[in-house]
Amino acid sequence: MPRKQLAKFTVPFLQILAPDGQADVKLDPGLPDDTLLALYRWMRLARELDERMLKLQRQGRLGTFPPNTGQEAVSVPAAMVMEPGDWFVGAFREAGGRLVRGEPLRAALDYYNGWEEGNVLPDRDLHIMPNSVVIGCQIEHAAGLAYASRYNKTGEVAVAFIGDGGTSEGGFHEGLNMAGVWKAPMVTIIQNNQWAISIPRSQQTASETLAQKGIAYGMPVMQVDGNDPLAVWVAVTEAITRARKGDGPTLIEAVTYRLMMHTTADDPTKYRTEEEEKQAWEHEPLVRTRKYLEGKGIWDQKREDALGAEVKAEVDAAVKDFETPHSWDQDEPFRHVYGTPHPVIEAQHREFLANLERGTDRG
Amino acid sequence: MPRKQLAKFTVPFLQILAPDGQADVKLDPGLPDDTLLALYRWMRLARELDERMLKLQRQGRLGTFPPNTGQEAVSVPAAMVMEPGDWFVGAFREAGGRLVRGEPLRAALDYYNGWEEGNVLPDRDLHIMPNSVVIGCQIEHAAGLAYASRYNKTGEVAVAFIGDGGTSEGGFHEGLNMAGVWKAPMVTIIQNNQWAISIPRSQQTASETLAQKGIAYGMPVMQVDGNDPLAVWVAVTEAITRARKGDGPTLIEAVTYRLMMHTTADDPTKYRTEEEEKQAWEHEPLVRTRKYLEGKGIWDQKREDALGAEVKAEVDAAVKDFETPHSWDQDEPFRHVYGTPHPVIEAQHREFLANLERGTDRG
Amino acid sequence: MAKLNMVQAVNLALAQEMESDPTVLVMGQDVAVDGGVFRATEGLLDKFGAMRVVDTPLAESGIVGGAVGMAIAGLKPVCEMQFSGFSYMMMGQFEAHVTRMRSRTHGQLNLPMVIRMPFGGGVRALEHHSESREVLYAHQPGARVVIPSGPRNARALLVAAIRDPDPVVFMEPKHSYRAFREEVPDESETLPIGKAQVVQEGTDLTLISWGAMMRPTLKAAATVEKERGASIEIIDLLTIAPLDHETIAASVSKTGRCVVVQEAPRSFGPSSEITAVINDKAFWYLEAPVKRLTGYDVVTPYFGREKSYLPNADQVVRGIVETLDA
Amino acid sequence: MAKLNMVQAVNLALAQEMESDPTVLVMGQDVAVDGGVFRATEGLLDKFGAMRVVDTPLAESGIVGGAVGMAIAGLKPVCEMQFSGFSYMMMGQFEAHVTRMRSRTHGQLNLPMVIRMPFGGGVRALEHHSESREVLYAHQPGARVVIPSGPRNARALLVAAIRDPDPVVFMEPKHSYRAFREEVPDESETLPIGKAQVVQEGTDLTLISWGAMMRPTLKAAATVEKERGASIEIIDLLTIAPLDHETIAASVSKTGRCVVVQEAPRSFGPSSEITAVINDKAFWYLEAPVKRLTGYDVVTPYFGREKSYLPNADQVVRGIVETLDA
Ligand SMILES: Cc1ncc(C[n+]2csc(CCOP(=O)(O)OP(=O)(O)O)c2C)c(N)n1
Ligand SMILES: Cc1ncc(C[n+]2csc(CCOP(=O)(O)OP(=O)(O)O)c2C)c(N)n1
Ligand SMILES: [Mg+2]
Ligand SMILES: [Mg+2]
């Protein structure tokens, strides 16, 4: 039994919708028209929100935020194929998916303007986890949520997102390994947008694909064109189905591109060329989806204009709401250190209120 | 470009010496007789040390320690193929390899009897890292050592060890990923001894092999029979050669078995059967190596007895030395908090000495 | 009522809470088949099965991060860190999520989870098995840090910790695991988290400690009482964070003198906080400086030197006498 | 001599040390091509090349663990944690190795490495970008914790940290990064690590702070001096651990009154240690309790509430007045 091959692995790739809007007929999932229209609408809304937030930020009316422009075809279809009870476990670049899951437009505005109120959902049962700004942790949370699904036999699936950069963190590894051992109903989607701030994908890891990292945990893997919402739809559906059946977790790499800056505090011209960005725009997901819809005869310029007006109005309303002066208490944090009172916190709470009242006249 | 296969990976396996002592002639590296005899001697010495330490521990003459019995064919040949400048980066179950690298027998005795003196090597240039009791950290250290080798163009290779359990830690992941990106001259050897205390390999990870975890980092991988010193010799030699040439890191899984308890504080009957242990003893490395030497006509019972007496005498001498009363200062730690003095430490140092002098008569 | 040591008391608390609340589960390295390296979870696997007594991979961050997910999904995970010395691997999860989830969501998501960890020296163990680093957890608002000192309060506090709506770091002084036994009632009982206990009233000096240091502390108090006829009030903190300022301040306001005994290194240790609280709340009553008897600001030595580095009753006696005479 | 802000001063220190010592290298996320998210490492890649200015994968533990290996092999890595809020991911490496290697090997292996991290609030940043948690590092013997307060001392201390034979956690108050400029001499200069600086002498009260809090502290002192004619001695700690007991004790022994201003949460914070040191060394000189003006024991709020949570000059003024009048 000398040198022999013990095990073989392959990394499949899936693309259905080409950049020109042509779908591979053998692979097209044949989604109903209203589903396709909803899909496009969510992506447009997410894009509109990004663009408005960027404007607000530049005008000093909003804090720093990470735009998801160019990546709408990842989180939007993923969120659409999830069941209501499934857990949406984001990193911080899944604005589209969050909207699909029922997060109000305004939540992102409040959150990125420095208010915890943006994390308070209309309903706890929306099963959306808050952003995990600390990268990698969310994969471990998802493994635990998925474990709980098995524990309580709820059939819920945890769908987690992480960036290409995030795959280097220990938390990515520990979470996926546990999910593998637990055969946990979990789907992990790497949004490989080619950049982790200024670090290109090639300097993040020496592996040929990010999908293959799932081989380390004995789970099925797949790379998909992340600018192709149909491929994402099919891949995530397959993975969720497998998870819900009790066949364990899946790792999906969605290859996409971060078309804007990392956050509004970032200047991409320091580390990448305009040429690269221009090329990437040619693969972006909205245009190709629109062409696909046009090809199916369910879309045209008139409808496009109407939708544009519609999402603009929706975002307008949210921004108006957001900018209506609110009277959120400054002392709110004191109410949420613990769920039960403690004299140390209560005393400091009083001290805080007294300081607040006295103001900061002298600096 | 629909569903296609992006990448293919295989996990090769290597065994040269079968449990019956027969070597695969095509694969036998044909090591010189004196090398083979030295290899066997180091393994016997490591075994002898384990057995004596176990006795000492049971008699209350030594603290807790983790025996390496059954795993000698991993760290011993690996250490033998290393160059003097290469870095030996152990976990804590590489007693054999440490001896090969020049660590005195007595060091392990002092270390496991609660004295930092066991970490102080006769020469800093032995390039042996202290045990990393905290699992996983050592892989990150090795990546840094290997980076420094490239930085200083020394050609040194860092050879790191970790257990099957250790592969679940984030440090394993972060260290190997960095090594991959850095094309660092590093060889990582997983001692898959089937158990992490009471957790069997099958519950540690869902991956079919541990070797395949290297696919996540884009590095060559190999599984070897870890009870076969020739296979380890060949695999580590290949990997070190590749590393020294500048072709980057390798991950090797050595399949072996922890024949004794996890540490002397552990009771394996709680979690595994005698039957399993008995079977494992049939694959242990010393007997098969001895048979191989006998087959080559360079070993017999007489030489075996002589070697037995020799290693016993060597261990006897180390134990005698170890048990000779020493006068290591109790206040030593105060001298090594920092390399330069600070009044806070100096004041506490004086306080400590005063307390020490006064004793603990009243409890 | 049975005479139990602390390991058995912990085991009892876990078994009873798991019995009465099906959402409670136990997870960690070697907690199931092996029953825990200290046997604190022994027998639980047989009673409650592998879904509720979970042997995890070797991954502290994964364990705690997994527990965060479970807690959000309605479970009450009791995680075990095999030794506190390995718990720092999960500090990222702890700081970023364990302590913050409630505040982040204004209470919409809370984490009823417990992180148990044996800590402290005195058992002649390997490196990383002897530290006292409770401050690393205590300084982070959002979690509680509880340290029992004996079997009975360990049981009662662990039950309270499991029932607490918020994360509790439950640090078990391993030196006390099998050091002595106490009567522990069969029926479940709790102690309030956040409250210190006056274990003995007195008028001349307040002696404060917690965990394994309670034993040399009590011994020293008895010695000084006998030798000097002093009346010493003794406080067992039980909860390190948030600290019970009232009990400390009331006692020191009465006695005017205070000695704090701690195993952790001195600088930035719990006794510094206690001193600061006394400074805030009882300054005008102080007749002598607060005396901190602590571990030293050195890297915890291996066990060959451990004994001389752990505060002992003799030092406490001297500290008390010095403070009485000051 | 040029007028630099703190980011530029840090940059200057790095550039000059790299110039004069070929074993010094810089590593971290986005430190090379991007020049660091705060531009502290800008231009270094061009000057020193990619081997010495290393853009790493997104892995804090890997960065610090890698630096441990490099330091043992004779290099002097200066690691950057992008924000202190992410540094807890490397706490396992820090506790187990960074702080212990020297002690473990009785000095045979030492770690001349620096871990730089921007910390603290005041820049309207996202969650995890505003905390002050220096105690988590300060409580661990074996490493030093240094916090500059201005461009000139930042440069001098960073140079000293890089040359130090032991690991230094170098925490940069990001609120001060671009807040003001100072003359920074071209020629390299150092400040001793472990020494606090008396930035103003006085007789009525000792005012202690560090980092970004030095600004409201100085402002408050000027106000009280003007309004009350009080003479205030001001200490800038510069090194948090190990702490400069002498300077603190000497000052408070002289003034009899002390106010400490800290951004971190109050409980188990640096000001508690300072209070305890004063209790130990200057108790009999105290005419009033030490006043701690600190952050609150709450989870650091997002920036919508940040301003009311950061100690401000007004509070410091009131604290000083109260302490003078006590
Ligand atoms: C643990 C941790 N380290 C560092 C950071 C700082 N940081 C924020 S985003 C980012 C890059 C993330 O890249 P990637 O994972 O690819 O996600 P993307 O931003 O591209 O969506 C970094 C380094 C962080 N948030 N968390
Ligand atoms: C980070 C960390 N967590 C937990 C432990 C406690 N512990 C010591 S050895 C061990 C099992 C190690 O298993 P493996 O990696 O397979 O190595 P082996 O003991 O089999 O050689 C555990 C859990 C540790 N030392 N470090
Ligand atoms: Mg990215
Ligand atoms: Mg093992």
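Quantities reported herein were computed from a predicted structural model and do not represent experimental measurements. (Residues numbered from 1 in each chain as written. Chains lettered and ligands numbered in written order. Predicted model: local features only at pLDDT ≥ 70, side-chain atom pairs only at ≥ 80, totals over all residues. Heavy atoms only, no water.)

Trainee: Explanation requested: the site of ligand 2 in the structure shown.
Mentor: Near ligand 2, the surroundings consist of 20 residues, among which R93, V133, D164 and N193 of chain B together with E60 of chain C are the closest. Per-site note: the chains with residues close to ligand 2 are chains B and C. The separation between an oxygen atom of ligand 2 and a polar side-chain atom of N193 of chain B is 2.8 Å. At a separation of 3.3 Å, an oxygen atom of ligand 2 approaches a polar side-chain atom of H262 of chain B. Notes on ligand 2: free accessible area 580 Å², of which the protein chains cover 95%. For the shell around ligand 2, a count of residues per class yields 9 nonpolar, 7 polar and 4 charged. (Near = heavy atom within 4 Å. Polar contact = N/O pair within 3.5 Å; in protein donor to acceptor, adjacent residues only side chain to side chain. Areas by Shrake-Rupley, 256 points an atom, 1.4 Å probe, with all protein chains shown as cover. Nonpolar A, V, L, I, M, F, W, Y, C, P; charged D, E, K, R; others polar.)

Trainee: Looking at this structure, I do not really get the relation of the copies chain B and chain A. What am I missing?
Mentor: Each of the two chain copies can be brought onto the other by rotation about an axis and movement along it. Expressed as a screw transformation, the operator carrying chain B onto chain A has a rotation angle of 180° and an axial translation of 0.0 Å, and the superposed copies differ by an RMSD of 0.0 Å. Taken together, the turn and the small shift mark the pair as related by a two-fold rotation axis. If distances are taken from each C-alpha of chain B to the rotation axis, the shortest is found for G170 of chain B, at 1.8 Å. Both copies present the same face, since 100% of the interface residues in chain B are matched by interface residues at the equivalent positions in chain A. (Least-squares fit on C-alpha atoms with pLDDT ≥ 70 in both. Contact = heavy atoms within 4.5 Å.)

Trainee: How should I be thinking about the coordination of the magnesium ion (ligand 4) in this particular structure?
Mentor: Each pair of donors in an ideal four-coordinate tetrahedral metal site encloses 109.5 degrees, whereas pairs in an ideal six-coordinate octahedral site enclose 90 or 180 degrees. Residue and element names in this part refer to chain B. Coordination of the magnesium ion (ligand 4) by the protein is provided by D164 (OD), N193 (OD1) and W195 (O), with metal-donor distances spanning 2.0 to 2.1 Å. All donors of the magnesium ion (ligand 4) come from a single chain, and their spacing in sequence reads D-x28-N-x1-W. With a gap of 29 residues between them, D164 in the loop between β3 (158-163) and α6 (170-182) and N193 in the loop between β4 (186-192) and β5 (195-196) connect regions that are remote in the sequence. Looking at D164, the relative accessible area reads 1%, which means it is buried. The exposure class of N193 is buried, given its relative accessible area of 4%. (Donors = N, O, S within 2.8 Å, 3.2 Å for Na, K, Ca; no water. Helix = DSSP H or I, 4+ residues; strand = E, 2+ residues; numbered from the N terminus. Buried < 20%, exposed > 50% of the residue type's maximum accessible area, 1.4 Å probe, protein only.)

Trainee: What should I look at first to understand the interface of chain A and chain C in this one?
Mentor: Bring the parts together and some accessible area is lost; that lost area is often taken as the interface size. Between chain A and chain C, the residue contacts involve 37 residues of the former and 47 residues of the latter. Where chain A touches chain C, the interface holds 0 salt bridges. At the junction of chain A with chain C, the criterion picks out 22 residue pairs in polar contact (both at pLDDT 80 or more). Only α5 (137-152), α6 (170-181) and α12 (343-358) of chain A provide two or more residues apiece to the side of chain A that touches chain C. When residues in the side of chain A that touches chain C are grouped by element, the largest group, 10 residues, is from α5 of chain A. (Salt bridge = Lys/Arg side-chain N within 4 Å of Asp/Glu carboxyl O.)

Trainee: What am I meant to see in the sheet that holds strand β1 (residues 4-14) of chain B here?
Mentor: Remark on secondary structure: sheet strands pair via backbone hydrogen bonds, oriented parallel or antiparallel. With mixed pairing, the 12 strands of this open sheet are ordered in space as β2(A)-β3(A)-β4(A)-β8(A)-β7(A)-β1(A)-β1(B)-β7(B)-β8(B)-β4(B)-β3(B)-β2(B). Either end of the sheet is taken by a strand with one partner, and the two such strands are β2 (87-89) of chain A together with β2 (87-89) of chain B. Going from strand to strand, the sheet's axes swing by 20° on average, the running direction of each strand aside. Judged from the 5 bridges that link them, strand β7 (residues 221-225) of chain B and strand β8 (residues 250-255) of chain B form a sheet pairing that is parallel. (Pairing = 2+ DSSP bridges. Axes fitted to C-alpha atoms, helices over the stretch in contact; angles between N-to-C directions.)

Trainee: Got a minute to help me understand the coordination of the magnesium ion (ligand 3) in this structure?
Mentor: Residues and elements named next belong to chain A. In this structure, D164 (OD), N193 (OD1) and W195 (O) serve as the protein donors to the magnesium ion (ligand 3), at separations of 1.9 to 2.1 Å. Written as a sequence motif, the donor residues of the magnesium ion (ligand 3) are D-x28-N-x1-W. Judged on exposure class, the residue N193 and its partner W195 are both buried.

Trainee: Got a minute to help me understand unusual backbone geometry in this structure?
Mentor: Both trends apply: most residues other than glycine have a negative phi, and most peptide bonds are in trans. Cis geometry marks the peptide bond from A241 of chain C to P242 of chain C, where omega comes out at -10°. Inspection of the secondary structure assignment puts P242 of chain C in the loop between β12 (239-241) and α9 (245-255). The backbone phi angle of K183 of chain A is positive, close to 45°, even though this residue is not glycine. With respect to the secondary-structure elements, K183 of chain A resides in the loop between α6 and β4 (186-192).

Trainee: Quick question: what am I supposed to make of the domain arrangement of chain C here?
Mentor: Residues and elements named next belong to chain C. What the domain assignment lists for chain C is domain 1 (2-184) and domain 2 (197-325). With centres defined by C-alpha atoms, the gap from domain 1 to domain 2 works out at 26 Å. Taken together, the contact pairs 28 residues of domain 1 with 22 residues of domain 2. When domain 1 packs against domain 2, the two sides together hide about 2000 Å² of surface, and 57% of this comes from carbon and sulfur. Our count for the contact surface shared by domain 1 and domain 2 stands at 10 residue pairs in polar contact (both at pLDDT 80 or more). (Domains from an automatic or database assignment. Buried area = accessible area lost by both parts, 1.4 Å probe.)

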